[in-house]
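# Architecture and fold: a report
Residues per chain, in single letters:
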Amino acid sequence: MAVNEGVASLSDHLFGSGMAVYAAAMLGYAAEFAFSRLGARRGAAELAAEVPAARAADRPAVLVGAGAPAEAGSGVEIDPDDPAAAALAAARAREIEAVRQRDTAAHTLVAGNDGDVEVPARARWIGRIAVLLTVVGWALHLGSVVTRGIAADRVPWGNMYEYSSMICLIAVTTFLALMTRQQVRWLGVFVMVPVVLYLGFAGTVLYVAPGPLVPALNSYWLKIHVVGAIVSSGVFLISAVTTVLFLVKERWENRLAEVAAGRADASRAMQSRGGIVMRLPSSAALDTLSYRVIAFAFPIWTFAIIAGAIWAEAAWGRYWGWDPKETWSFITWVCYAAYLHARATAGWRGRRAAAISLVAFTALFVDYYLVNLVITGLHSYAGV
Amino acid sequence: MTSSTRPHEPAGAATDLAPKPSPGDPDAADPAGSIDPAGLIDPAGLIDEEAVGFAPDSSSGRRLPEGHADARVAVAPDVFAPAGSDGRDGADGAAGLGADPTSAGGARRSAAGRAGGAAGQYASASGGTRAGRHPALALAVRSWRQLTSMRTALVLLFLLALAAVPGSLLPQRNINPMRVDQYLSKHQTLGPLLDKLSGFDVFAAPWFAAIYLLLFISLIGCLSSRIRWHARALFTAPPKAPARPGRLPGGSSWTSPLAPADATAAARAALRRRRFRASVAPAGTQRPDGSPDHSVAAEKGYLRETGNLVFHVALVGLLAAVGFGSWFGYQGTTLVVTGDSMANTIISYDQFSGGKLVDTAKLRPFSLTLNRFAAAYEPNGEPSDFRADVAYSPDLDAPTRQATIRVNHPLVLGNAKVYLIGHGYAPHFVLRDAKGRTVWQGNVPCTPRDGMFTSTCTVKIPDTGLAPLGVRKEPQQLAFSGVFTPTTHLDPTQGYVSTFPAARAPGLTITGFVGNLHLDEGVPQNVYTVDTQDMRQLTLNGPAGTARNAQVLALNNPRQRTLSGLPGGLSLEADSVAEFATFQVKSDPFKREALIFAVLIIAGLIASLRVHRRRLWVRASPAPEGGSVVEIGGLSRSHGDGFAVELGQLTTLVREATGPAGGREAAPRPEAAAPPPGEPAAPGGAAAPSTTESRGTAAGGAASNASEREH
Ligand code: HEM
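Position labels on residues start from 1 in each chain and follow its written sequence. To read the labels, note that chains go from A and ligands from 1, taken in the order they are written. Residue-level local features of this predicted model are given only where pLDDT is at least 70; pairs of side-chain atoms are given and counted only at 80 or more, and the full residue set underlies all totals for whole chains, interfaces and linings. Working from all heavy atoms in the structure, the side-chain values ignore hydrogens and water.

A word on the sheet that holds strand 8 (residues 383-393) of chain B. All names here are of chain B. Strand pairing is assigned whenever DSSP detects at least two bridges linking the two strands. In DSSP terms, a helix is any run of H or I states spanning at least four residues, a strand is any run of E spanning at least two, and both are numbered starting from the N terminus. Spatial ordering of the open sheet is given by 5-7-8-9, a layout of four strands whose pairing is antiparallel. Each having just a single partner strand, strand 5 (341-343) and strand 9 (401-406) make up the two edges of the open sheet. Ignoring which end each strand starts from, the neighbouring axes of this sheet average 30 degrees apart. Bridging between strand 7 (residues 367-377) and strand 8 involves ten bridges; their strand directions are antiparallel. Think of each axis as a best-fit line through the C-alpha atoms, taken over the contacting stretch in the case of a helix, with angles from 0 to 180 degrees between the N-to-C directions.

It is worth spelling out the state of the cysteines at this point. Residue and element names in this part refer to chain B. When two cysteine sulfur atoms lie within 2.5 Å, the pair is treated as a disulfide. By the definition in use, this model includes one disulfide over all chains. A sulfur-sulfur distance of 2.0 Å marks the disulfide that ties Cys446 to Cys457. Where Cys446 bonds to Cys457 through sulfur, the torsion about that S-S bond is close to 110 degrees, and the disulfide is right-handed. Of this pair, Cys446 sits in the loop between strand 12 (438-443) and strand 13 (447-448) while Cys457 sits in strand 14 (residues 455-461), placing them eleven residues apart in sequence.

The next thing to look at is the confidence of the model for chain B. Residues and elements named next belong to chain B. pLDDT measures how confident the predictor is about each residue, on a scale from 0 to 100. Looking at chain B, the pLDDT average stands at 74 and 73% of residues meet or exceed 70. Residues are treated as being in contact if the distance between any of their heavy atoms lies within 4.5 Å. Scored below 50 in pLDDT, residues 1-129 shows 304 contacts in the model against residues more than four places distant or in partner chains. Confidence drops under pLDDT 50 across residues 661-711; counting only partners more than four residues distant or on other chains, this segment forms 110 contacts. Note on the complex model: pTM 0.72, ipTM 0.81.

With that settled, consider the packing of helix 1 (residues 5-35) of chain A against helix 5 (residues 121-152) of chain A. All names here are of chain A. Running from amino to carboxyl end, helix 1 crosses helix 5 at an angle of 160 degrees, the nearest separation of the two axes being 7 Å. When the axis of helix 1 is compared with that of helix 5, the two are roughly antiparallel. Considering how the two elements wind past one another, helix 1 and helix 5 form a crossing that is left-handed. Charged means Asp, Glu, Lys or Arg here, nonpolar means Ala, Val, Leu, Ile, Met, Phe, Trp, Tyr, Cys or Pro, and polar covers whatever is left, Gly included. Residue composition of the contact of helix 1 with helix 5, by class: 22 nonpolar, eleven polar and four charged. Put simply, angles under 35 degrees are roughly parallel, angles over 145 are roughly antiparallel, angles from 65 to 115 are roughly perpendicular, and the rest are oblique. In this scheme, a crossing is called left-handed if the near helix is turned counterclockwise away from the far one by less than a right angle; it is called right-handed if the turn is clockwise.

On to the pattern of salt bridges. Every case where a carboxyl oxygen of Asp or Glu lies within 4 Å of a side-chain nitrogen of Lys or Arg is listed as a salt bridge. Under the counting rule described, the total for this entry stands at 25 salt bridges over all chains. Arg351 of chain A is paired through a salt bridge with Glu250 of chain A; the nearest N and O atoms lie 3.1 Å apart. With Arg351 of chain A in helix 13 (residues 351-379) and Glu250 of chain A in helix 8 (residues 220-260), the pair connects residues that are 101 residues apart, well separated along the chain. Among the ionic pairs, Glu631 of chain B bridges to Arg244 of chain B, the shortest N-O distance being 3.9 Å. Taken together, the residues span a long stretch of sequence, with Glu631 of chain B in strand 26 (residues 628-636) and Arg244 of chain B in the loop between helix 11 (206-235) and strand 1 (252-256) at a distance of 387 residues. Each member of the pair, Glu631 of chain B as well as Arg244 of chain B, is classed as buried. Three labels apply to residues, based on accessible area from a 1.4 Å probe with only protein chains included: buried if under 20% of the type maximum, exposed if over 50%, partly exposed otherwise in between.

Right, let's talk about the coordination of the iron atom of the ligand for a bit. For Na, K and Ca the donor cut-off is 3.2 Å, while for other metals it is 2.8 Å, and in both cases only N, O and S atoms qualify; water is not among them, so sites may look incomplete. Around the iron atom of the ligand, the protein contributes the donor atoms His341 of chain A (NE2) and His312 of chain B (NE2), at 1.9 Å from the metal centre. Just to be clear on the cut-offs, tetrahedral is four donors with all angles between 85 and 135 degrees, square planar is four donors and octahedral six with opposite donors over 155 degrees apart and all others between 65 and 115, and anything else goes down as irregular. One can describe the site at the iron atom of the ligand as octahedral: its six donor atoms subtend angles covering 73 to 179 degrees at the metal. Note that His341 of chain A is positioned in helix 12 (residues 324-343) and His312 of chain B in helix 13 (residues 302-328), a pairing that runs across two chains. Neither residue differs from the other here; His341 of chain A and His312 of chain B are each classed as buried.

UniProt positions are given in the numbering used here, feature names are shortened, and annotations may be inferred rather than shown by experiment. Within this structure's numbering, the places UniProt gives as "transmembrane region" (unreviewed entry) are residues 152-170, 202-223, 309-330 and 594-611 of chain B. Between the end C-alpha atoms of residues 202-223 of chain B the distance is 28 Å, and the span holds 82% helix and 0% strand.

Turning next to the environment of Gly167 of chain B. Note that Gly167 of chain B resides in helix 8 (residues 150-169). Beyond its immediate chain neighbours, meaning those up to four positions away, Gly167 of chain B contacts Gln172, Val202 and Phe203 of chain B.

If you look at the biggest cluster of nonpolar residues, it comprises 112 residues, and the most contacted ones within it are Tyr29, Trp186, Leu187 and Ile230 of chain A together with Phe208 of chain B. Here this core gets 14 residues from one element, more than from any other, and that element is helix 6 (residues 160-181) of chain A. Setting aside anything within four residues of it in sequence, one finds Leu187 of chain A in contact with Phe175, Leu178, Val241, Thr242, Leu245 and Leu289 of chain A. As used in this record, nonpolar core signifies buried Ala, Val, Leu, Ile, Met, Phe, Trp, Tyr and Cys residues forming a set joined through side-chain atoms within 4.5 Å. Counting 28 residues, the second largest nonpolar core, distinct from the first, contains Phe429, Cys446, Val459 and Leu553 of chain B.

What follows is the structure, encoded as structure tokens:
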């Protein structure tokens, strides 16, 4: 049971170098992101055909009748015998044409949507190197966790430093796994920033030297329970990132719609087409991604809570006792359940659902940190 | 989304009758309404999920931000004939295709239209019977519908989460009553107010119960209808094919040498092989224009809704199990010194609490004896293992068995479990009279105070054999209070302290009192404190010298463990120390049920979040040159891109099954051209005897996600 000091310090070194490599990867992603341009790979007309007539309701009714704005003029019938009508019709046609142009412009701006972001070859290479670095960092990080376990001769998730490190490991794993299925490299910088900050926090504030577990923690079910909690938390972390991006992008798109409807002017960023937000995938894609990630993590979180209850039953004889940790796990669970419901409920989907997902993530954070560091400190019953 | 719920339409009819999927896509409700000439999109307000109780599955929906939603509708070509013009298609809607929010507008709109048509039918069917409902009844029905809607569930879920928060911030009686008292004495004004609001019993508070009971009533209400719908869906054929399945997003068509009837049979067989539930329109069925209907309707993924229902039912089950468990369960704590026994009767517990329906006279009559308690420690004093070896008899006349109880390893006796929750030291004291005869002896458990097991000991000896004193016959009872240190070390500043939790050098720092303990006056007393009000402190002779207020006894040293100089020549020896274990007995007769429901919850969740429901239609119609034109199309309510891929595979499969395709060039189909309302929808578009011709991708979401994938 004695702690192997050599392996323990190896673990610490791996942790540090993993973090450094992550940081480098983060810069790489950021660079790729920054160097990418909104391309006009597809013509404006094509775009307009794809997402035409956005917000038909916002515009003159005639447009709706006219169908796609490309054929806007065709909705107006001109009576050659009536000059007044002809003038009116011409004016209307001009108006429609103006709307159409604004619309096209707006949609060219929003083109970030469907991979219309053009990444110069050099930036693309930087991005690939960043992925490589992420994999290397991940391997070092994994090594740090494994050696930590070897050093302490137990599973490497027994205190807050270890939990935090594992959560980051899972978050990076999720990101890498997502990358094998979807083109989500753009997500890199947004994942690596919180991961690096989080690891920094874990390695400094939360750090403790490896040691044995207290008997109450030394249980089969605890291991299962903690793994479930860590895995779902790591994945939830990703969902929080994508949810924030969704909210940002959604606001942007709404603004765009205003511009398209002629109710607002394009901001400088929009005109120069250089804003970060523009390069994000569409809010719909971000919403889908957030949902998928949460739908993946939610059953695992449910399982973690149940495993925790089984463990509590074995350890304390009651499977549920509303202690702060249990209470906050429950709150987190209920909030994510609410998210799933909100997403299926008219009027709640979209922005409100996203807000709920962030509330849920906050509850998760409280569960992990505030309950341990603050709430129990103030109101704890014994040092659980 | 502003759905048009028309007051005169008894949407309730829809709630009861409409199949779950057909409530359709809430997105589709309003914008579509504005362009639907027949106004049939949402005649009963059915599409508003509120009216139905819950929303359609939108799980992976690609949605456009609010304002965008209509865009797709506006641009989408009319895929089906308008719902109103094709009575049967409208009826199909009853079997319901919940429009996929992920799919492009055309399909959504039509599906919504179809659903609407269905709703119209149902509404008129049942409207008559309910139109003259008593207002009070109507109100009740409306409230019930409100309560069982998913929006209500959402709000209640939120409230539940919110209500749980104070339970974690304020001290709770059921967890730590002492802290509650501290809090109350510290917050003179706020405390009582919070107390009135059940702030210290949040999880037993009426308002907390109100929230979860409402939630579960709501859940039960909506489950009952959902289960009915789902059962019906399970036993009816998938909804019939639309007029032009090939025009659904991702749909396609080709010509086949087979006759229409053979082509559909082949398609059905192919889909069956992929484990779709597939049924061919029965022979003799006609299209609205009178032509024979050769179509296959197939569906897969019923497990999604099944899983979802299992999940929600299990949730109700879990709550019931928890509730019953607390009514029929009990718990008691008892301290057993090594060598002693306990029996499962209410009097042998130091603390006991039972559920409302527990018969305390009929607890399971087991008993156990603590033979040995052993604790192991790390060199730094951190505990590493505790074990209690016990002999127990599980029932009244059952033979005695041996067991070891450890932390996390309770002894299981039927519904009851015996947990080891604590331990400590109980020094053994012997009180002797002047002649050396034993007057009293016993082990006195001391309360551990720290990790090194420095413990507080209180010894009360009411029957000392000493005569009462004075006119008031004050009894001469003895009390000692001391500090037990298992590994005693003399610290220059702190005095005697314990440096290790094991009893390596047990010591006892002790003071004594004589006087009236007031033990026999019916006032409950804490065994761990002495009320010295009517007592006089003794001066003691012992190892530390004579006539001292305090003495230090070394329990391992026979010459340094006796106090003398007590009144009447009495002496007290602390001759050994035993360990005690604290056991908690818990009985929860519904634990197993709770576990089963918990497992079902997970299983249901996984099915409901991982399985995707999808529908597929094949329609064959005679081609002018012989053979047939085969159209295929499908929708998935939740699985945009995955379905696009699957649809591709299935299309290939069905194409192969229906024979080689002709080699003619596909004629591009005018994108937005809908068949004029009156015109019979000619499947496959007689105009285009095409080879495979695909329309877009299966779903709007697919477009984005497919292109997200790196090729
Ligand atoms: C009146 C009460 C309720 C109604 C009407 C209701 C209805 C529904 C419906 C229709 C879905 C499917 C959503 C979809 O397909 O995306 C769903 C999913 C879900 N519900 Fe409920 N529910 C209720 C109560 C609850 C409660 C109390 C919980 C737990 C706290 C809960 C947890 C969930 C979860 C986790 C899902 C996700 C599973 C999935 O999306 O398939 N529900 N609920």
